[in-house]
Amino acid sequence: MTESLDRIRAEVGRRRTFAIISHPDAGKTTLTEKVLLYGGAIHLAGAVKQRRNERHTTSDWMALERERGISVSTSVLQFTYQGHHINLLDTPGHNDFSEDTYRTLAAADCAVMLIDSVKGVEPQTIKLFEVCSMRHIPIVTFVNKMDRAGRDPLELLDEIERVLGIPCVPANWPIGAGQSFQGVYDRKSRALLRFEKAEDVGGKASMSLSSFDDAELRDAIGSVAHQQLVDELALLDGAGNEFDQEQFLRGAITPVFFGSAMNNFGVEPFLDRFVVIAPPPVARATIQGEGVPPVQGGFSGFVFKIQANMDPQHRDRVAFLRVASGRFHKGMSAVHARTGKALTLSRPVQFLAQERFVVEEAFAGDIIGLWDPGVLRIGDTLCQGEPVEYEGVMRFSPEHFVRIRLTDPLKRKQLKKGLEELSEEGGVQVFYDRMRLERDPILGAVGYLQFEVVQYRLRTEYGVQTRFESLPYQYARWVEGDGFDADDFEKLSYGDAMCVLDGEDRPLALFETEWSMRRTVEKFSSLRFVAAVQPGRSSRA
Ligand code: G4P
């Protein structure tokens, strides 16, 4: 028993489970590829690149999804780096940006925020940052594209602090910039690392130690930049913003690394440090209040993503489970906390690029795919021993809305079933008018592409033809409050605002403009307007 606990402790201790968050084009795919290269999982890099090449397509997205099987929706890339077992969660971005992107962060213990050195903090970065900070997960910043004539590093840090409100602590500092970007100065070891581009495309950059007195370095960046570097480092040291592990783990500061993913400059020093400071799995909050210790707690995990009908012939569903505590092993039995039923977890898989592997065992921090006969939902907990339910897998307020019109009225039953099943996957949400006078429901999604996906899947998987009418709403908030009654419901549905019910009968107010949302929030100060709710638990009294 002790031996197995020791083993679980060792395995959990070397897990690092994280996601990269960024605005499209900041270089997430490139960085992922390079991280895999340094992690020795080079054969996977091609699959990542393939995804990048195909990402701009929208209309043929569904066909692609099908052709490539589950790889597009691959939830996690796994590899080992310096003895650490890394789970890199793939957060879909670009056109397929969806609620899934937000929810995936519930399965991460840490996030790497990627910033384009030319563009700085961008809108999608802000949204994803907010989800991370709501969950108090530590954030490491990587400023990418330092090989381009970007913004001044101090100015960038200032922008991050101002816009995101998180103090930055540079872990390293760029030497030169743009074409003369030479390397980084590591503030902890006080080492000056110079990079040299790899000869072969896709090869690792070579890294050598240098010094401030190196005449060649001075020549390479110019004496003005050299002096500036010396001054900036003195300034940083003088400003006294030292890295503090405890503050970082609380999400109170973000360490910042500089580099160029494309040239592999700065990826290695970043990874070397990242695996040391990034946290292993820690106890997660449960509805019951007590966090389950990741080592001693016995097996438990929660579903953060569901992918259905990957194979249209078999109507299969895969539930992605983040192991939150203990050891999972193939064929084990666990309690499904929501229903209290025992389930045998007999066909667990892990996905690596195009391939699926049967998993024999997994530990807290790992992600596994479970074949689901239709009982699992997003947010569900599976566990051994005393049932617990994990918090944190939220539904997020959509930003796009359409009304579904059924082309063939005789297909209403199929439409209902299709919408039920597709909304369980969590890409879209279904809303109803309060009195249900309007038979056609409203769909809401975080990314517009989700509507195309739903329309396509309703047609191909459920045989239902639909027409979608765009609605003008862009903002939505769930309305909570003990005193919320029918009267308030009417009052909230005025002007450009409208109030609907979600699938669990929770009221949601829709607004066309941010201004009208703000005005309503101010006017109804006794009510709470929330942007994210826990699924499966209606907050209404
Ligand atoms: P994303 O997944 O965050 O959307 O970004 P992605 O990696 O696809 O990178 C977006 C573009 O930025 C790509 O150029 C990529 O090559 C480039 N890029 C990534 N990292 C760096 C970097 O460190 N320096 C510079 N200068 N560029 C970088 P593209 O032209 O869209 O694609 P490609 O033709 O290069 O593949």
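Attention in this report is confined to the structure presented alongside it. (Residues numbered from 1 in each chain as written. Predicted model: local features only at pLDDT ≥ 70, side-chain atom pairs only at ≥ 80, totals over all residues. Heavy atoms only, no water.)

### Quick look at the overall build of the protein
Counting secondary structure elements, the protein contains 15 helices and 31 strands. Among the 541 residues that make up the protein, the fraction classed as buried is 55%. A total of about 23,000 Å² of accessible surface is found on the protein, and carbon and sulfur atoms cover 50% of it. (Helix = DSSP H or I, 4+ residues; strand = E, 2+ residues; numbered from the N terminus. Buried < 20%, exposed > 50% of the residue type's maximum accessible area, 1.4 Å probe, protein only. Areas by Shrake-Rupley, 256 points an atom, 1.4 Å probe, with all protein chains shown as cover.)

### Some details on the nonpolar core
The biggest cluster of nonpolar side chains holds 109 residues, and the ones touching the most others in it are Leu31, Ile160, Phe299, Phe328, Leu345 and Leu382. Those residues in contact with Leu382 that lie beyond four places of it in its chain are Phe299, Ser300, Gly301, Leu321, Ala334, Val335, His336, Leu343, Leu345, Leu370 and Leu376. Ranked by size, the runner-up nonpolar core spans 16 residues in total, among them Leu406, Ala445, Leu458 and Phe468. (Core = buried A, V, L, I, M, F, W, Y, C linked by side-chain atoms within 4.5 Å. Contact = heavy atoms within 4.5 Å.)

### Observations regarding the side chain of Thr466
Of note, Thr466 is situated in strand E26 (residues 466–471). Those residues in contact with Thr466 that lie beyond four places of it in its chain are Ile404, Arg405, Leu406, Thr407, Leu415, Gln455 and Leu458.

### Concerning the pattern of salt bridges
Evaluation of the coordinates by the stated rule reveals 34 salt bridges. The residue Lys416 makes a salt bridge to Glu420 at a minimum N-O spacing of 3.5 Å. Here Lys416 pairs with Glu420, and both are found in helix H12 (residues 412–425), just 4 residues apart, close to one helical turn. Each member of the salt-bridge network shares a partner with another, and the members are Arg405, Arg412, Asp440, Arg467 and Glu469. (Salt bridge = Lys/Arg side-chain N within 4 Å of Asp/Glu carboxyl O.)

### Examining the pairing of strand E27 (residues 475–480)
By the bridge criterion, 4 bridges tie E27 to strand E29 (residues 507–511) in an arrangement that is antiparallel. Looking at the pairing, Tyr475 lines up with Phe511 of E29. As defined by bridge partners, E27 adjoins strand E30 (residues 528–530) across 3 bridges and the pair is classed as antiparallel. Across the sheet, residue Trp478 finds its bridge partner in E30, namely Val530. (Pairing = 2+ DSSP bridges.)

### Looking at helix H11 (residues 267–277)
Within H11, 8 of the 11 residues are buried, which leaves it mostly tucked inside the rest of the structure. For H11, the full list of buried residues reads Val267, Pro269, Phe270, Leu271, Arg273, Phe274, Val275 and Ile277.

### Observations regarding unusual backbone geometry
Despite not being glycine, His136 shows a phi value in the positive range, around 55°. With respect to the helices and strands, the residue His136 is situated in the loop between helix H6 (123–134) and strand E5 (139–144).

### Focus on helix H2 (residues 28–38)
An α-helix turns once every 3.6 residues. As a result, residues three or four positions apart point the same way. The buried fraction of H2 amounts to 11 of the 11 residues, a majority that puts the element mostly inside the structure. All buried positions along H2 are accounted for by Lys28, Thr29, Thr30, Leu31, Thr32, Glu33, Lys34, Val35, Leu36, Leu37 and Tyr38. Note on H2: the residue one or two positions beyond its end, Gly40, has a positive phi of about 80°.

### Section: the packing of H2 against H11
Two quantities define a packed helix pair, namely the angle between the helix axes and the distance between the axes. Their axes nearest at 10 Å, the elements H2 and H11 cross at an angle of 70°. Taken together, the axes of H2 and H11 lie roughly perpendicular to each other. Residues Leu31, Lys34, Val35 and Tyr38 of H2 lie in contact with H11, whose contacting residues are Val267, Glu268 and Leu271. When its residues are assigned to classes, the contact of H2 with H11 shows 5 nonpolar, no polar and 2 charged. (Axes fitted to C-alpha atoms, helices over the stretch in contact; angles between N-to-C directions. Parallel < 35°, antiparallel > 145°, perpendicular 65-115°, else oblique. Nonpolar A, V, L, I, M, F, W, Y, C, P; charged D, E, K, R; others polar.)

### Some details on the packing of aromatic side chains
Applying the stated criterion across every chain yields a total of 15 aromatic pairs. A centroid spacing of 6.1 Å and a plane angle of 45° characterise the contact between Phe181 and Phe265, whose relative ring orientation is tilted. One end of the pair, Phe181, is in the loop between strand E7 (172–175) and strand E8 (183–186); the other, Phe265, is in the loop between strand E11 (254–258) and H11, and 84 residues separate them in sequence. Classification of Phe181 by relative accessible area gives buried; the value is 4%. Within the aromatic cluster, the residues linked to one another by ring pairs are Phe18, Phe142, Phe257, Phe270 and Phe274. Its guanidinium or amino end placed over the ring of Phe320, Lys305 lies 5.9 Å from that ring's centre, counting from NZ or CZ. (Phe/Tyr/Trp six-rings, centres within 6.5 Å; stacked < 30°, edge-to-face > 60°. Lys NZ or Arg CZ within 6 Å of the ring centre and 35° of its normal.)

### A few points about the packing of H12 against helix H13 (residues 449–462)
The interhelical angle for the contact between H12 and H13, taken along N-to-C directions, is 125°, at an axis separation of 10 Å. Regarding the angle of H12 to H13, the classification is oblique. Note on packing geometry: the crossing formed by H12 with H13 is right-handed. Residue-level inspection shows Gln414, Leu415, Lys417, Gly418, Leu419, Glu421, Leu422 and Glu425 of H12 in contact with H13, the latter providing Val454, Arg457, Leu458, Glu461 and Tyr462. (Left-handed = near helix turned anticlockwise from the far one by under 90°.)

### Notes on the sheet that holds E11
The strand order E2-E3-E1-E4-E5-E11-E6 describes an open sheet built from 7 strands, whose pairing is mixed. Of all strands in the sheet, those bounded by a partner on one side alone are strand E2 (76–81) and strand E6 (168–170). Within the sheet, the average angular offset between the axes of one strand and its neighbour, ignoring direction, is 30°. Each of strand E1 (15–22), E2, strand E3 (84–89), strand E4 (110–116) and E5 is contacted by H2, which is oriented at about 40° to E2, the strand it contacts most. Strands E4, E5, E6 and E11 of the sheet are contacted by helix H7 (residues 153–164), whose axis makes an angle of about 155° with E6.

### What about the sheet that holds strand E9 (residues 191–196)?
Backbone-to-backbone hydrogen bonds pair the strands of a sheet. The strands run either parallel or antiparallel. Here we have 4 strands laid out as an open sheet, ordered E7-E8-E9-E10, and antiparallel in their pairing. Single-partner strands in this sheet number two, and they are E7 and strand E10 (206–210). Here the strands of the sheet are splayed against their neighbours by 30° on average, with no regard to which way each runs. Bridge analysis of E8 against E9 gives 4 bridges, and the strand direction is antiparallel. Residue pairing in the sheet places Asp186 in a bridge with Ala191 of E9. With respect to the sheet, helix H9 (residues 223–239) is in contact with E7 and E8, its orientation differing from that of E7 by roughly 165°.

### Here's the deal with the environment of Gly427
The residue Gly427 is located in the loop between H12 and strand E24 (428–433) in this model. Measuring from C-alpha to C-alpha, the distance between Gly427 and Gly447 comes to 8.5 Å, with 20 residues separating the pair along the chain. Excluding residues that lie within four positions of it along the chain, Gly427 makes contacts with Glu99, Arg395, Leu422, Ala445 and Gln450.

### A few points about the environment of Glu242
If you trace the backbone, Glu242 turns up in the loop between H9 and helix H10 (245–249). Sequence separation between Glu242 and Pro170 is 72 residues, and the spatial gap between their C-alpha atoms is 8.4 Å. If we skip the residues at most four places from it in the chain, Glu242 touches Val169 and Arg187.

Limitation: the analysis is restricted to geometry and does not speak to function.
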